[in-house]
Amino acid sequence: MFTNEQVDEYAKAKGYAPGTILWATDKPLDEDAFRSGNKSSAAIDFLRWQDIGLEDSKGAGRIPIEEQDAHFVSPGRGISLFIKRMLPEGMTYAGTAPEASKSGLKKQFDPLHERSWWKIESGHPIPAGLRLVYDGVPPGHCTLTVDRQLSVKQFLSLVTSISFSAAGTDYFGMKK
């Protein structure tokens, strides 16, 4: 796992600046890209209101399936990815599953958190209409976004056609 400072240095060494296109139909993905999800999936089958720049007036969090044709993803909006597996600010890396024992770590860290990572492997083709753009906020962050405005339903259809593979589960927290 990388800290904000480490991934920021890495991005600068690679020449990444906000707006750098990391992946597009005419630009192959040179290295793996990462997404934190849940244990069973990369959580790419939905968008939240904030992902498209709207307030969640209903308190639902996610955009309901029945409303996905009525709302749109604009360039620059979409799904968060990272150029490296990231350690949240202020946290201490505790280990990676299955090598690290979660029950043993709970004795050393309070609270103890876990993050399941999923990756798009370098060289994977990107569906036409999508691109991955580095923004660096927070360090290492990039957005899987659209070339032109698409409905949420169209966007999710393209995103779910990308193969994400499990990249491991990391534990982190605050030492007792």
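Quick note: structure is the one above.
Residues numbered from 1 in each chain as written. Predicted model: local features only at pLDDT ≥ 70, side-chain atom pairs only at ≥ 80, totals over all residues. Heavy atoms only, no water.

1. Focus: helix H1 (residues 4-14)
Among the residues of H1, Asn-4, Val-7 and Ala-11 are the ones counted as buried. Down the axis of H1, the smallest arc covering the buried residues is 70°, so these residues share one side. Projecting away from the buried face of H1 at angles above 90 degrees are the exposed residues Glu-9, Lys-12 and Ala-13. Its buried side turned inward, H1 meets strand S7 (130-134). Looking one or two residues past H1, Gly-15 carries a phi angle of roughly 85°, positive in sign. (Buried < 20%, exposed > 50% of the residue type's maximum accessible area, 1.4 Å probe, protein only. Helix = DSSP H or I, 4+ residues; strand = E, 2+ residues; numbered from the N terminus. Arc of directions from axis to C-beta. Contact = heavy atoms within 4.5 Å.)

2. Quick look at the nonpolar core
Membership of the largest hydrophobic core comes to 38 residues, with the highest contact counts inside it found for Leu-47, Leu-132, Leu-144 and Phe-155. Contributing elements (two or more residues each) for this core: H1, strand S1 (21-23), strand S2 (33-37), strand S4 (79-82), strand S6 (109-120), S7, strand S8 (141-146) and helix H3 (152-159). Among the elements that line this core, the one with the most residues is H3, at four residues. Setting aside anything within four residues of it in sequence, one finds Phe-155 in contact with Leu-47, Val-73, Gly-78, Ile-79, Leu-130, Leu-144, Thr-145, Val-146 and Leu-150. (Core = buried A, V, L, I, M, F, W, Y, C linked by side-chain atoms within 4.5 Å.)

3. Some details on the pattern of salt bridges
Should their charged atoms come close, side chains of opposite charge can pair. A full pass over the atoms with the stated rule returns 11 salt bridges. Residues Asp-51 and Arg-48 are paired through a salt bridge, measuring 2.8 Å at the closest nitrogen-oxygen approach. Here the salt bridges do not stand alone but share partners, grouping Lys-14, Glu-31 and Lys-84 into one network. (Salt bridge = Lys/Arg side-chain N within 4 Å of Asp/Glu carboxyl O.)

4. Quick notes on the pairing of strand S10 (residues 165-175)
In terms of strand pairing, strand S5 (residues 92-97) meets S10 through five bridges, oriented antiparallel. Across the sheet, residue Ala-97 finds its bridge partner in S10, namely Thr-169. Across nine bridges, S6 lies against S10 in antiparallel orientation. If you follow Trp-117 over to S10, its bridge partner there is Gly-168. (Pairing = 2+ DSSP bridges.)

Keep in mind these values describe shape, not function.
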